[in-house]
Amino acid sequence: MGMAEVRPEEVSAILRRQLAGFEKEADIYDVGTVLQVGDGVARIYGLTKALMSELIEFPHGVFGMVLNLEEDNVGCILFGESSQIKEGDTVKRTGRVASMPVGEQMLGRVINPLGQPTDGRGPISGGTYMPIERKALGVIQRQMVKEPLQTGIKAVDTMIPIGRGQRELIIGDRQTGKTAIALDAIVNQKYTHTEKAKREGVKPVYCIYVAIGQKSSTVAQVVDKLQQEGAMDYTTVIAATASDPAPMQYIAPYSGATLGEFFRDSGRHALVVYDDLTKQAQSYRQVSLLLRRPPGREAYPGDVFYLHSRLLERASKLSEELGGGSLTAFPVIETQAGDVSAYIPTNVISITDGQIYLESGLFNSGVRPGINVGISVSRVGGNAQIRAMRKVAGRLRLELAQYRELEAFAKFGSDLDKATLAQLRRGSRLVELLKQDQYVPMAVEEQIVAVFAGTNGYLDEIPVEHVRRYEKEILEMMNLKHPDLLQEIAEKRDLSDDMISRLKTILREFTDSFKVTVTA
Amino acid sequence: MKNVRVARRYAQALMSIADEQHSIDAIAADLEVIGAAIRGSRDLHLLIASPVIREGKKQAVFEELFGKHVGRVTRGFVTLLIQKHREVLLPEVVEQFSELRDEKQGILNVDVGGSTELSRAQEGDLVQRLEQHTGKKVRLHFAVDKAIKGGLVVRIGDTVLDASVRRQLERLRERFREGGPLTTTNA
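Residues numbered from 1 in each chain as written. Chains lettered and ligands numbered in written order. Predicted model: local features only at pLDDT ≥ 70, side-chain atom pairs only at ≥ 80, totals over all residues.

## Describing the overall build of chain A
Right, so step 1: Per the secondary structure count, chain A includes 16 helices and 17 strands.
Right, so step 2: Reported as C-alpha extents along the three principal axes, the dimensions of chain A are approximately 90 × 60 × 45 Å.
Right, so step 3: Counting contacts in chain A only where the partners sit at least 6 residues apart, residues at least 24 apart contribute 72% of the total. (Helix = DSSP H or I, 4+ residues; strand = E, 2+ residues; numbered from the N terminus. Contact = placed C-beta atoms within 7 Å.)

The structure is reproduced here in structure tokens:
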């Protein structure tokens, strides 16, 4: 920079000007006294004019947020090391509610819930401050969810379609691939930032990954992976790790929503992943109990429902007058031994517009992603699916449902009629077809071709163990020999009768030549 | 802390009686005598705080100590506190009573910190300015605090008017750290 050009006399001139108003200024502020401190919360005497969720300045640069306003004291949560704060310390009101800086400069960075960078890449300058807790928009400002948010995961995009502005829950036990689904969705947004997407009229999606109560090493791995995949260019990671104070973990998702709203309100699209809200609820429970709020079911305070509903209500699709931006939310919930009837899972299930349910049984038997498509739903995304996808995917769900029903009988073996055998044959191949590796998101047009082959019986003659190779090779062949057809699907977003017959011809030829390689 | 509310209740009750009998000043003086005695004697403090010593004993001690120095209403009040097992609140009640009295008489207690002692003229000037600003009678409590380096810190209730050099330096440091615009003078 121009460091060399700053002459010493200039520096002194600036300093002198700065110090000119020095002695006249009197600063007016409100103060209180710390009565009690510990475990990330503090009680303060005084501060009679404090506002709800106002930031309070403690000694040693620690900040707190007002959470309880009582008759003769104020309850605060602390966003820093509470061991340095003593009883009797003087605290100051800042006059502003808890807020964070937002802006494009946050992309590619790892920050804490207060917007301060934690990736060691220097300060983030600029950006306007927005309150962390904001009221969700009303009915007038919104419109129906109508554009698809492609996750690049076959099982999701075909049967559990998600629209921009939707709230889709990802739920399952530990180690079932919840984070993998969310990360795949983020990685897949890379295509929305390409020239090709621009031609197809797909607007870019900015991503925010909020890590709550995870190990720092896990967060580092995620960031590393996103970087490798080139996804950090349009992504911000907000990390409140397991070692951060509980109040930080409690506010982290709200920070994520605030940053997402910045993109939404400027007419763009954002995707925010809250990974995971179970831990956030636990942090909030800790803070609430320390503030002596009465415990309710599972010792959670009475307002845990509101805790999550006010967060998820902030996801929305704006009306055209407001720019038509959107904020899509992927909350993640971890269950214990598949128990979805626990308090927090039932709450979040009832708030969201559907859920992706992951099962450890499926995951361990090799069905990855381990999505139970029978009980996974998307209540609004169907409208957002492109027509071509709706045409081919409609039968998929039905056939899989029938397959699952028959599968139980098939265990007894013997004496099955022809129709049943055909159904079983089809089902087992569709299950195989929906398997997908991590970090290999698939474009919509490719998904359409693959699923079309499955539901139209081209896979029935192929042995199950060859299905994935079939899929790989047909897509390679399509990209090589028929890129025009793929492009047509992507651009028209529909399958005309002509396109269907062309696709059928291609598939028939390919299947015949593929069979030879199987028997050989 | 949790006792403040209870102490205030008792102080309010005593205040309403004092008001009726037009003897606020007399009772305030009585309480000040008791308060000073408790502050001055650790033994007396331990006596009122002890749950082991019987009611009658405590009452006898108070009677002997203050019987001749305080009025009838105050004695009755102390007896009531002892009967209700609230004698430990006595110092708090004394404090609350004087606060209530100041409120009633429109007196504002203002804490002032300065790096050096104020001259009489300065103090008078300060009191006059504060009275103009608040519209109340001001009672100044001055204390020397070397840490503020220069200027004055005035505290009225929860609000602080900070015109100290320490605060100026803090603000300067904040501004340098935030890297805000250096060319504009302070807003």
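## Examining the overall build of chain B
Right, so step 1: A count of helices and strands for chain B gives eight helices and four strands.
Right, so step 2: Along chain B, helices (α) and strands (β) appear in the sequence α-α-α-α-α-α-β-α-β-β-β-α when read from the amino end.
Right, so step 3: By its C-alpha atoms, chain B is 75 × 35 × 30 Å across when sized along the principal axes.

## Remarks on the packing of helix H13 (residues 444-455) of chain A against helix H15 (residues 483-492) of chain A
All names here are of chain A.
Right, so step 1: Across the interface, H13 lies against H15 with an axial gap of 9 Å and an inter-helix angle of 110°. Taken together, the axis directions place H13 and H15 in an arrangement best described as roughly perpendicular. Seen along the crossing, H13 lies across H15 with a hand that is right-handed. Together, Val444, Glu445 and Ile448 of H13 and Leu486, Ile489 and Ala490 of H15 make up the contact between the two elements.
Right, so step 2: In terms of residue class, the contact of H13 with H15 is made up of five nonpolar, no polar and one charged. (Axes fitted to C-alpha atoms, helices over the stretch in contact; angles between N-to-C directions. Parallel < 35°, antiparallel > 145°, perpendicular 65-115°, else oblique. Left-handed = near helix turned anticlockwise from the far one by under 90°. Nonpolar A, V, L, I, M, F, W, Y, C, P; charged D, E, K, R; others polar.)

## Some thoughts on the nonpolar core
Right, so step 1: Residues Cys76, Ile186, Val210 and Val272 of chain A are the most contacted members of the largest nonpolar core, which totals 132 residues.
Right, so step 2: Per-element tally for this core: the top contributor is helix H6 (residues 246-265) of chain A, with 10 residues.
Right, so step 3: Apart from the residues lying within four places of it in its own chain, the contact partners of isoleucine 186 of chain A are Cys207, Tyr209, Leu226, Ala231, Thr235, Leu271 and Val273 of chain A.
Right, so step 4: With 21 residues, the next largest nonpolar core counts Ile27, Ile48, Leu89 and Val93 of chain B among its residues. (Core = buried A, V, L, I, M, F, W, Y, C linked by C-beta atoms within 7 Å. Buried ≥ 20, exposed ≤ 12 C-beta atoms within 10 Å, placed from the backbone.)

## Section: the environment of glutamine 105 of chain A
Residue and element names in this part refer to chain A.
Right, so step 1: When you line up the elements, glutamine 105 lands in the loop between strand S7 (99-102) and strand S8 (110-111).
Right, so step 2: The class of glutamine 105 is partly exposed, set by 14 C-beta atoms lying within 10 Å.
Right, so step 3: Separated by 20 residues in the primary sequence, glutamine 105 and serine 125 have C-alpha atoms spaced 7.8 Å apart.

## Regarding the pairing of strand S2 (residues 137-144) of chain B
All names here are of chain B.
Right, so step 1: Here eight bridges tie strand S1 (residues 107-114) to S2, and the two strands are oriented parallel to one another. Bridge pairing in S2 links leucine 108 to valine 138.
Right, so step 2: Taken together, S1, helix H7 (residues 120-134) and S2 form a β-α-β motif whose crossover is right-handed. (Pairing = 2+ DSSP bridges. Right-handed = clockwise from strand over helix to strand, strands pointing away.)

## So, unusual backbone geometry
All names here are of chain A.
Right, so step 1: With an omega dihedral of 0°, the bond running from aspartate 275 to aspartate 276 counts as a cis peptide bond.
Right, so step 2: Positionally, aspartate 276 belongs in the loop between strand S13 (269-275) and helix H7 (277-290).
Right, so step 3: With an omega of 0°, the peptide bond running from arginine 368 to proline 369 counts as cis.
Right, so step 4: The residue proline 369 is located in the loop between helix H10 (360-364) and strand S17 (377-378) in this model.
Right, so step 5: Positive phi, normally seen in glycine, also occurs at glutamine 175, with a value near 60°.
Right, so step 6: Of note, glutamine 175 is situated in the loop between strand S10 (169-172) and helix H3 (178-188).
Right, so step 7: Using a count of 13 C-beta atoms within 10 Å as the deciding quantity, one classes glutamine 175 as partly exposed.
Right, so step 8: Positive phi values are uncommon outside glycine, yet alanine 299 reaches one of about 65°.

## Thoughts on the environment of threonine 118 of chain A
Residue and element names in this part refer to chain A.
Right, so step 1: As for its position among the elements, threonine 118 is in the loop between S8 and strand S9 (128-131).
Right, so step 2: For the pair formed by threonine 118 and isoleucine 238, sequence separation is 120 residues and the distance between their alpha carbons is 9.2 Å.
Right, so step 3: Beyond its immediate stretch of four places on either side in the chain, threonine 118 contacts Val110, Ile111, Asn112 and Ala239.

## What to know about the confidence of the model for chain A
When pLDDT is low, close inspection of the predicted coordinates is not appropriate.
Right, so step 1: Taken over all residues, the pLDDT of chain A has a mean of 92, while the share at 70 or more is 97%.
Right, so step 2: Within chain A, the lowest mean pLDDT, 73, falls on helix H1 (residues 8-20) of chain A, and the highest, 98, falls on strand S11 (residues 205-212) of chain A. (pLDDT = per-residue confidence, 0-100.)

## Side note on the environment of leucine 503 of chain A
All names here are of chain A.
Right, so step 1: You can see leucine 503 is positioned in helix H16 (residues 497-519).
Right, so step 2: Exposure remark for leucine 503: the 21 C-beta atoms within 10 Å place this residue in the buried category.
Right, so step 3: For the pair formed by leucine 503 and valine 449, sequence separation is 54 residues and the distance between their alpha carbons is 7.9 Å.
Right, so step 4: Those residues in contact with leucine 503 that lie beyond four places of it in its chain are Val449, Phe452 and Leu485.

## Considering the packing of H13 of chain A against helix H14 (residues 467-481) of chain A
Residues and elements named next belong to chain A.
Right, so step 1: Direction vectors running N to C along H13 and H14 enclose 130°, while the axes themselves pass 10 Å from each other. The orientation of H13 with respect to H14, classified from their angle, is oblique. When the axes of H13 and H14 are compared, the crossing they make is right-handed. In contact with Glu446, Val449, Ala450 and Ala453 of H13, H14 contributes Glu471, Ile474, Leu475 and Met478.
Right, so step 2: Looking at side-chain class alone, the contact of H13 with H14 contains six nonpolar, no polar and two charged residues.

## So, the confidence of the model for chain B
Right, so step 1: Confidence in the prediction for chain B averages 87 pLDDT; 94% of positions are at 70 or higher.
Right, so step 2: Every residue in residues 181-187 of chain B scores below 50 in pLDDT, and together they form eight contacts with partners more than four places removed in sequence or on other chains.

## Some words on helix H2 (residues 24-40) of chain B
Residues and elements named next belong to chain B.
Right, so step 1: For H2, spanning 17 residues, the distance from its first C-alpha to its last is 24 Å, which sits close to the expected 24 Å at 1.5 Å a residue.
Right, so step 2: Among the residues making up H2, those that are buried are Ile27, Asp30, Leu31 and Ile34. Here the buried residues of H2 occupy an arc of 95° about the axis, which is enough to place them on one side. Opposite the buried face of H2, at more than 90 degrees from it, the exposed residues are Asp25, Ala36, Arg39 and Gly40.
Right, so step 3: Packing partners of the buried residues in H2 comprise helix H1 (3-20), helix H4 (55-66), helix H5 (72-83) and helix H6 (90-104). (Expected span 1.5 Å × (residues − 1). Arc of directions from axis to C-beta.)

## Describing H7 of chain B
All names here are of chain B.
Right, so step 1: The end-to-end C-alpha distance of H7 is 21 Å, a good match for the 21 Å that 15 residues give at a rise of 1.5 Å each.
Right, so step 2: In terms of burial, H7 is a largely surface element, zero of the 15 residues being buried.
Right, so step 3: Phi turns positive, to about 70°, at glycine 135, one or two residues after H7.

## Topic: the pairing of S1 of chain B
Right, so step 1: Pairing geometry for S1 of chain B and strand S3 (residues 151-156) of chain B, over five bridges, is antiparallel. Considered in S3 of chain B, the bridge of glycine 113 of chain B is made with valine 153 of chain B.

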